Structures are given as structure tokens and as C-alpha cells.
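Single-letter residue listing:
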Amino acid sequence: MITRKTQPLLYATLLVGIVLSAFPLYWLFVVATRSNDVVGDWPPPLAPGENLWDNLGRLFAAEDANFLLGMGNSLLTSAVVTVSVVFFSSLAGFAFAKLKFRGRNGLLLVILATMMIPVQMGIIPLYMIMVELGWQNRMEAIVVPALVSAFGVFLMRQYAEQAVPDELIEAARIDGCSTFRIFWSIVLPALRPGAAVLALTTFMGTWNEFLWPLAVLEADNPTVQFSLSQLSTTYYTDYTLMFTGALVATVPLLLVFIAFGRQIIGGIMEGAVKA
Amino acid sequence: MVDLKQRPVARKAAGRTPPERPRLRDRVSRVEVRWSPYLFIAPFFVIFAVFGLFPLVYTAWVSLHDWDITGAGAFVGLDNYVTLFADPDFWNSVYNTVGMLVLATVPQLLMALVLASLLNQRLRAVTFFRMGVLLPIVTSVAAVGIVFSQIFDRDAGMVNGLLGLVNVDAVDWRADKWSSWTAISTMVNWRWTGYNSLIYLAAMQAIPRDLYEAATVDGAGKIRQFWSITVPNIRPAIVFTVVMSTIAGMQLFTEPLIFGQGSFAISGGSLRQFQTVSMYMFEKAFRDFDYGYGSAVAWMIFLLITLLGVVNFLITRRSR
């Protein structure tokens, strides 16, 4: 469709787009390896320096931020939430896609509707519930409300619909498999690609959660985003320190992206076709 | 009476008649088949009801009370709402939120459209470009706030440095509404443009090629084709992104909070230049511990989002 003449222009425009989208990340890295006295220079230092280890040492020693604990808490809560969301979403998604039961369509509509509800607006009573349960400043408060996801159920239903042949389920039934056995041995393996996408988006979403942790946790037991906000309120003139924290907080997501980037892209594009 | 010794023989003779134990198993399995679907969807509904739906509904109840950290006080009816409607700080935060929503959604979706149509051309290194535009959503959200706060810093920031090259005076980005909105919207735009462009790209790839070929034969230019073929054909994807961006934009919280820095963070600057409704709700509930009033704010945000959803729906339906 595009002619020889316009080809270079197309690539040039796209490259500009890539540079714009990568530059803030690169700048994050550069500042994290520098010292504070050169950060504000003009022209800005565009090559990495040698201060990364110094800055990391200062980051882990920074009072109020509890950065290492924040990283640990976030890795733990994100992992638990991811496993749980993927399991329960696959289970419910399978039921909605492949099993017949009364009220199926109605209940599916409820799930669709809840996807649109801004649940965050209920955080004041949610906080009261956590006070009742004694879960203030504990990771249970972060994990338990996030164990299930309407979006996840919907996604897995869509996926199960086309990924699991009905004949396979019928055959297993005739062989005397229980429904859960069918789910575990036949459906779950077939759902793996869809589950991978859900796992990745859930992990990223939990890792980036901020409003709720800020409400229910204290600075002495934070998640990683909370730690970062502590850095930015307490040390806001210390750019290299904040940037080092921001860099470390981004590394796990970057690793996930490098390992599974293709699947993430596939997931976004498939989800969009269905939406 | 049946002779016990004869039974095995009788069974063999009967051939296919099911033995007694499997019949019980049959009945169990019928119950199992009937009820296990409910068991499979129960975890979602139970947890969502307790930690999602109940708190949301209970917010309305709390908002009708004089409720603080010591517990429920007097039932005050709509008093909190009466106060809220006359509260300039609340309306200011609504104004800020909607302002940033527009500044963040419109350019973002337009850029995403352009980017998607570029990515939809015959390209080498497809994966490289797609992963490249997706890099921003891999960045931790608070990290985005930190990086852009520095880039938009009055003294040390790169944006002012670049403006200096064309002889524009340094801007104090945090000081005014328009400037702080611009900085914060830039963060949102940067983070989500690539993601939305991939959604559009997926929709564009589903458009049959012969539509374009026919248009070319009819003499329609590239731009005409874009508006008359591409855009109408990816309408569902556009509606989807508009709705999602609106819901997310109305709850904007992390970026402006980090941008605020220091002690004025939750109030969105010393004059509340960039305080969003979510920040105002948080300030009332978790800094002033006025749960009743905070709940009234939360419930208003909820209604506002629902209202915008309906408006979105009506507009997109009319333009069909």
C-alpha cells in the first residue's frame, strides 16, 4: 500500500515515537547512576555515570521509605494475587463458557456490569472492614480483596469458549471424570495461553496499586509504590535517590516484559478484537 | 430368596445391567454435575460481594451519617451532601479532574490512532516497534510520577531547558492550573498512548483489504480512506478506549499525588491547583478522618462516573 518514497518517512516517524516512549525510562536509568549536583545541568547529562551502587546503598538505608521491605511485600502480594486471580478466573470462566446451569446468562451480565464499577470508591467501608478484622497495616488487607477479578472471569470465559472443544469434555464425562477433574486435567492446560496473559496483567496491576495501600498501610510496612511516594514526599530534592527507587521498582516489570512481551502484545490485541 | 452362590453367575448372565454400586455413583455424579458450576463461580461472587459490592453500597449509608474515626455518629440525612454542594474545594477538584481527563484522553486517543495506522503498514521488525510503543505501561506508576516531576521541574527540568532554547521563560509547572494539568496529563498520555494504539491496530487488522482497494480504484486518497473506512470500522475499539479512559481518568490519583511532592501532596498544590476528586476524597477520609463526608465525596464520584458512562453511551449511539 505504501510507496517506496514514503517508506523512510514512515520508519522515521515510528522511530521518533519509540524514542519518545523509551526516553523517560532511559532518563530514569541515567539519573539513577549520577550524583545530585549534575542532574539539573544544562545541557542534561545523557550518558550513565558511576554512582549507581552509591545510590542503591543510600536507597536501602533511607529511613521512612523501608524500600527493601516494600519490594518484598509487593513481590509477595503480587504473586499471591496473581495465582489466585488466575485460578478462580479460569474456574469461573470455564463454568460460564462450557457448563450449563440455571441463571448462567444473568450471572454473566452481573460480571460484565461489575467490570465497569469503580470499586475504589468503596474504600472507606473497606477500611472499616479491615479495622474490624484487625488487618490494618497487614498484607492480608492488600491480598484478600484482590483475590478475584471480574475482568479475569470475563477474559477466561472468552478464552475457554474457543480453546476447549465440547467433545473433549463430553468424552471425559463418559469416562466418569468429575467436573473438577475435567477442569484440572483438560481445561486448565488448554487455557494456559489465556491464563498467561491474565497473570501478567494481574501482576502488573497489583504491583502498581497505590490508593488502597496508601489508605490501609503505614510507612513502616509499605508496598513498593507506597515506598516510592514516601521517597518523593520526604526526599523530594534528592533526585538521584528517588530515581534509583523508581528504577528498582520498575525492574521486575521490565523483566516480565522482556520475557513475555510477545504474549502481552498478543493478549492486548486479542482482547481488543473481542471487545 | 436368592442363593448367594448364584449371584456372580446371574450377574454375568445379565451382561450389561449396571451393578448396584455404580448406580449410587450415578446419582452422586448427577448432583455433582448440577451443582459444581455454582461451586466454581461462588468464590468470585462471595469475595466480590464482601470486599467489592458491600463496601460500595455501604458508602452511601456512611455518607448519611456524622461518622468519624470513633465510629458512627448521628444520622444526618443529606446534610453531608448539602455541605458538599456548597463546598468550593469539592467543585474545584471536579473541575481539575475533568480538565485533566480531557487533556489526557483526547490527545492520547488521537495519537494512538495515528500510531496504529503507521503500525498497520507493511513493516520490518514488527515486534520491535510494538514492544517499543508498549514500554511506558511497563514503568511503575509512581516511577512515572517521579520521572516526570523532575522533567517538569522549574529549575532542574528538561522541559524548561528546551523552552529556554527557543527563548521562552522558565515555567513554574506546579504553580498554575493549566501548567500543572499539562504536566500531569503528559504523564497519562505518555503511559497509555502505545497501549491504546495496539488496541486500534488489532481492530484495523480485521478490516478487509479489498475495502481499501475499492476505495483506491474510486480515487479516494489516503486521508479520505482513513476517515471513511478505517475510523468507522474500528468504532467499537474507539468506544471501548473512550469508556475505559474516562473511568480511569475520573479516578486519577497517583500521578498528581507524586507530582505534588512535599507536604502539599494530597491537596494537589498549595492552592489545590491539581487536586483531583479521588485526592479530595482521600484527604477528607484518611487525613481528616471525616468518614461521613469522605463517603459523600466517594458516592458523588461514583454517580459522576456513571453519568459520564451514560453520556458516552448516548453520544456513541447517536453517531452510529
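It should be emphasised that the depicted structure is a prediction, and the values quoted were computed from it without experimental measurement. (Residues numbered from 1 in each chain as written. Chains lettered and ligands numbered in written order. Predicted model: local features only at pLDDT ≥ 70, side-chain atom pairs only at ≥ 80, totals over all residues.)

### As for the overall build of chain A
In step 1: Each helix and strand in chain A was counted, giving 14 helices and zero strands.
In step 2: Across its three principal axes, chain A shows a C-alpha extent of roughly 75 × 65 × 30 Å.
In step 3: The buried share of chain A, taken over its 275 residues, is 45%.
In step 4: The contacts of chain A with a sequence gap of at least 6 include a subset with a gap of at least 24, amounting to 74%. (Helix = DSSP H or I, 4+ residues; strand = E, 2+ residues; numbered from the N terminus. Buried ≥ 20, exposed ≤ 12 C-beta atoms within 10 Å, placed from the backbone. Contact = placed C-beta atoms within 7 Å.)

### Considering the overall build of chain B
In step 1: When you go through chain B residue by residue, the secondary structure sums to 14 helices and two strands.
In step 2: In terms of overall size, chain B is more extended than a compact globule, its C-alpha atoms giving a radius of gyration of 30 Å where 320 residues would be expected to give roughly 20 Å.
In step 3: For chain B, the spread of C-alpha atoms along the principal axes amounts to about 110 × 75 × 40 Å.
In step 4: Evaluated residue by residue, chain B yields a buried proportion of 39% over its 320 residues.
In step 5: At a minimum sequence separation of 6, the contacts of chain B that also span at least 24 residues come to 67%. (Rg over C-alpha atoms; globule rule 2.2 N^0.38 Å.)

### What to know about the environment of Phe96(A)
All names here are of chain A.
In step 1: Position of Phe96 relative to the elements: it lies in helix α4 (residues 67-98).
In step 2: Exposure remark for Phe96: the 25 C-beta atoms within 10 Å place this residue in the buried category.
In step 3: Taking C-alpha positions, Phe96 is 44 Å from Leu28, a pair spaced 68 residues apart along the chain.
In step 4: Phe96 has contacts with Arg104, Leu108 and Arg157, leaving out every residue within four places of it along the chain.

### Some details on the interface of chain B and chain A
In step 1: Between chain B and chain A, the contact holds 79 residues from the first and 74 residues from the second.
In step 2: Broken down by element, the side of chain B that touches chain A gets its largest block of residues, 18 residues, from helix α2 (residues 20-62) of chain B.
In step 3: Its residues placed into classes, the side of chain B that touches chain A shows 56 nonpolar, 19 polar and four charged. (Nonpolar A, V, L, I, M, F, W, Y, C, P; charged D, E, K, R; others polar.)

### Describing the domain arrangement of chain B
In step 1: Assigned domains within chain B: domain 1 (20-52) and domain 2 (85-318).
In step 2: The C-alpha-based centres of domain 1 of chain B and domain 2 of chain B are spaced at 43 Å. (Domains from an automatic or database assignment.)

### Examining the confidence of the model for chain B
Residues and elements named next belong to chain B.
In step 1: In this model, chain B carries an average pLDDT of 87, and 92% of its residues clear a pLDDT of 70 or more.
In step 2: In this model, residues 1-15 is a region of pLDDT below 50 whose contacts with residues beyond four sequence positions or in other chains number two contacts.
In step 3: If you check the scores for this complex, the pTM reads 0.87 and the ipTM reads 0.88. (pLDDT = per-residue confidence, 0-100.)

### Regarding the environment of Val231(B)
All names here are of chain B.
In step 1: Looking at the element boundaries, Val231 is found in helix α10 (residues 222-233).
In step 2: With 15 C-beta atoms counted inside 10 Å, the residue Val231 sits in the partly exposed group.
In step 3: Each C-alpha atom of the pair Val231 and Leu113 lies 8.7 Å from the other, and the pair is 118 residues apart in sequence.

### Structural notes on the nonpolar core
In step 1: Of all hydrophobic cores here, the largest spans 149 residues; its most connected members are Ala246(A), Tyr200(B), Val297(B) and Ile301(B).
In step 2: Per-element tally for this core: the top contributor is helix α8 (residues 177-205) of chain B, with 14 residues.
In step 3: Residue contributions to this core reach at least three from each of two domains, namely domain 1 (20-52) and domain 2 (85-318) of chain B. (Core = buried A, V, L, I, M, F, W, Y, C linked by C-beta atoms within 7 Å.)

### Topic: the packing of helix α8 (residues 150-163) of chain A against helix α11 (residues 192-208) of chain A
Residues and elements named next belong to chain A.
In step 1: For the pair α8 and α11, interaxial distance at closest approach is 10 Å and the crossing angle is 165 degrees. By the criterion of interaxial angle, the relationship of α8 to α11 is roughly antiparallel. As α8 packs across α11, the resulting crossing turns out to be right-handed. Of the residues in α11, those touching α8 at Gly152, Leu155, Met156, Tyr159 and Ala163 are Gly194, Leu198 and Thr202. (Axes fitted to C-alpha atoms, helices over the stretch in contact; angles between N-to-C directions. Parallel < 35°, antiparallel > 145°, perpendicular 65-115°, else oblique. Left-handed = near helix turned anticlockwise from the far one by under 90°.)

### Considering the environment of Thr105(B)
Residue and element names in this part refer to chain B.
In step 1: Topologically, Thr105 is positioned in helix α4 (residues 88-119).
In step 2: Along the sequence, Thr105 and Val94 sit 11 residues apart, while their C-alpha atoms lie 16 Å from each other.
In step 3: Other than its neighbours up to four places away in sequence, Thr105 contacts Ser245, Thr246 and Gly249.

### Re the packing of α4(B) against α8(B)
In step 1: Two elements in contact, α4(B) and α8(B), have axes separated by 6 Å at closest approach and are oriented at 35 degrees. Crossing of α4(B) over α8(B) shows right-handed handedness.

### What to know about the pairing of strand β2 (residues 71-75) of chain B
Put simply, side chains in a regular strand alternate between the two faces of the sheet.
Residue and element names in this part refer to chain B.
In step 1: Of all the five residues making up β2, zero are buried; the element is thus mostly uncovered.
In step 2: Note: strand β1 (residues 65-68) against β2, three bridges, orientation antiparallel. Bridge assignment links Asp68 to a residue of β2, and that residue is Gly71.
In step 3: What sits between the antiparallel neighbours β1 and β2 is a turn of two residues. (Pairing = 2+ DSSP bridges.)

### Some words on helix α5 (residues 126-138) of chain B
In step 1: Along its 13 residues, α5(B) runs 19 Å from first to last C-alpha, staying within 8% of the 18 Å computed at 1.5 Å per residue.
In step 2: Along α5(B), the largest kink reaches about 30 degrees and is centred on Gly132(B); proline Pro136(B) follows within four residues of it. (Expected span 1.5 Å × (residues − 1). Bend = angle between axes of the 7 residues up to and from the residue.)

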